[in-house]
There are 2 protein chains.
Amino acid sequence: MGRSTFVIKQRAFLKLYMIHEAEKGRLYGLQILENLQDYFKDLGYRPTKSEVYKSLHELLKDGYLTREPIIKEGTEMQTLYIYRIGDKEKVKAYKDTIKADLDRSIALLKRALKDNYSQKRG
Amino acid sequence: MGRSTFVIKQRAFLKLYMIHEAEKGRLYGLQILENLQDYFKDLGYRPTKSEVYKSLHELLKDGYLTREPIIKEGTEMQTLYIYRIGDKEKVKAYKDTIKADLDRSIALLKRALKDNYSQKRG
DNA sequence: AGATGAACATTGTGTTCATTA
DNA sequence: TAATGAACACAATGTTCATCT
């Protein structure tokens, strides 16, 4: 993997949610974005368009996801894609590695809490 | 504060530990670095020289810390600084804001764990 | 106008070089 | 050589612009 890592990258974090959406297979890019912006609002996190698209593109390129264009009723435009899971085994393995990074990151941050904010005794 | 933030920045994380060391007031820059590299080894995190120095410099500049040159016995060189707490009240307030960011970050990562790795029921 | 995508700009961070004693 | 510090390079991310229907 990459060099010495601090905590998990935003990109990896988002990819997890992209996969999540792909498993449902209902929403297209911008909808996913808006959903997430709303969902994380309470935690002061607002993902950007480019991060969501880049996450999706990388997942496509690496074969984790596939997509298909959808015809929107009422119009003839079709620049709109629904994402689905590609290689299920591959996705599972990928999620495992991200989980490890998430666990590690949480441990790191919790350690900082403990070291710097808990009452010292003795 | 800054725009939409994902999780806490490495710099802020390190500053917490710099303050921690300054409270003890025993170690100089490189020692702190090596201590932290060792301390976080188990979590795959290896802070770099530049991040540690930049953290210390910013804390100095902003008045959170002070420092004094130390004469190392046996030699006449004194390019070596021990850091101490500057404005205690200011430091306390600063630590409070970092704690909020740590808490927020942990909540964010935990939410990802829950959303993507817990068994679905119903 | 709505959606996707690329280009560009900035920031965060790591690596290398410089200085001092 | 040990320590500090600055310069430089690169990677991660945010903002703006382009395209297509």
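For the structure itself, look to the data block above.
What counts, and where the lines are drawn
Residues numbered from 1 in each chain as written. Chains lettered and ligands numbered in written order. Predicted model: local features only at pLDDT ≥ 70, side-chain atom pairs only at ≥ 80, totals over all residues. Heavy atoms only, no water. Near = heavy atom within 4 Å. Polar contact = N/O pair within 3.5 Å; in protein donor to acceptor, adjacent residues only side chain to side chain. Helix = DSSP H or I, 4+ residues; strand = E, 2+ residues; numbered from the N terminus. Nonpolar A, V, L, I, M, F, W, Y, C, P; charged D, E, K, R; others polar. Least-squares fit on C-alpha atoms with pLDDT ≥ 70 in both. Contact = heavy atoms within 4.5 Å. Salt bridge = Lys/Arg side-chain N within 4 Å of Asp/Glu carboxyl O. Buried < 20%, exposed > 50% of the residue type's maximum accessible area, 1.4 Å probe, protein only.

1. Overview of the protein's contact with DNA strand C
Now for step 1: The environment of DNA strand C is formed by 25 residues, the closest being A:Y28, A:L30, A:K49, A:Y53 and A:R67.
Now for step 2: For DNA strand C, the backbone makes up 67% of the atoms found within 4 Å of the protein, where backbone means sugar plus phosphate.
Now for step 3: The contact in question runs from a phosphate oxygen of DNA strand C to an N or O atom on the backbone of A:L30, over 2.7 Å.
Now for step 4: Among the elements of the structure, α2 (29-39), α3 (49-61) and β2 (81-85) of chain A together with α1 (10-24) and α3 (49-61) of chain B are those that each provide at least two residues to the surface near DNA strand C.
Now for step 5: When residues of the surface near DNA strand C are assigned to their parent elements, the largest contribution, four residues, is made by α3(B).
Now for step 6: For the surface near DNA strand C, the residue count by class is seven nonpolar, nine polar and nine charged.

2. A word on the relation of the copies chain B and chain A
Now for step 1: The two copies are related by a screw operation: chain B maps onto chain A through 180° of rotation and 0.0 Å of translation along the axis, at an RMSD of 0.0 Å. Such values leave the two copies arranged in the relation of a two-fold axis. Measuring from the rotation axis to each C-alpha of chain B, the shortest distance belongs to B:I106, at 3.0 Å.
Now for step 2: Taken together, the interface assignments show that 100% of the residues at the interface of chain B recur at the interface of chain A, consistent with an identical surface on both copies.

3. Comments concerning the side chain of B:R104
Now for step 1: With respect to the helices and strands, B:R104 occurs in helix α4 (residues 88-117).
Now for step 2: Engagement of the side chain of B:R104 in a polar contact is seen with the backbone oxygen of B:F6, the distance being 2.8 Å.
Now for step 3: Contact partners of B:R104, with chain neighbours within four places excluded, come to A:L43, A:G44, A:Y45, B:T5, B:F6, B:V7 and B:I8.

4. A short note on the protein's contact with DNA strand D
Now for step 1: Around DNA strand D, a shell composed of 23 residues is seen, among which B:Y28, B:L30, B:K49, B:Y53 and B:R67 lie nearest.
Now for step 2: For DNA strand D, the backbone portion of the atoms within 4 Å of the protein, that is sugar and phosphate, comes to 67%.
Now for step 3: The separation between a base oxygen of DNA strand D and a polar side-chain atom of B:K49 is 2.6 Å.
Now for step 4: The contact in question runs from a phosphate oxygen of DNA strand D to an N or O atom on the side chain of B:Y53, over 2.6 Å.
Now for step 5: Where the surface near DNA strand D is concerned, the elements lending two or more residues are α1 (10-24) and α3 of chain A together with α2 (29-39), α3 and β2 (81-85) of chain B.
Now for step 6: Considering every element that reaches the surface near DNA strand D, the biggest residue donor is α3(A), with four residues.
Now for step 7: Here the surface near DNA strand D is built from residues that sort into seven nonpolar, seven polar and nine charged.

5. Quick word on the pattern of salt bridges
Now for step 1: Under the definition given, this model contains 24 salt bridges over all chains.
Now for step 2: For A:K61, the salt bridge is made with A:D62, and the minimal N-O distance between the two is 3.1 Å.
Now for step 3: Notably, a salt bridge pairs B:E51 with B:R11, separated by 2.8 Å at the nearest N-O pair. With B:E51 in helix α3 and B:R11 in helix α1, this pair connects stretches of sequence that are 40 residues apart.
Now for step 4: For B:R11, a relative accessible area of 22% gives the class partly exposed.
Now for step 5: One network of salt bridges, with partners in common, ties together A:R11, A:K15, A:E51 and A:E58.

Any functional reading would require information beyond the geometric quantities listed.
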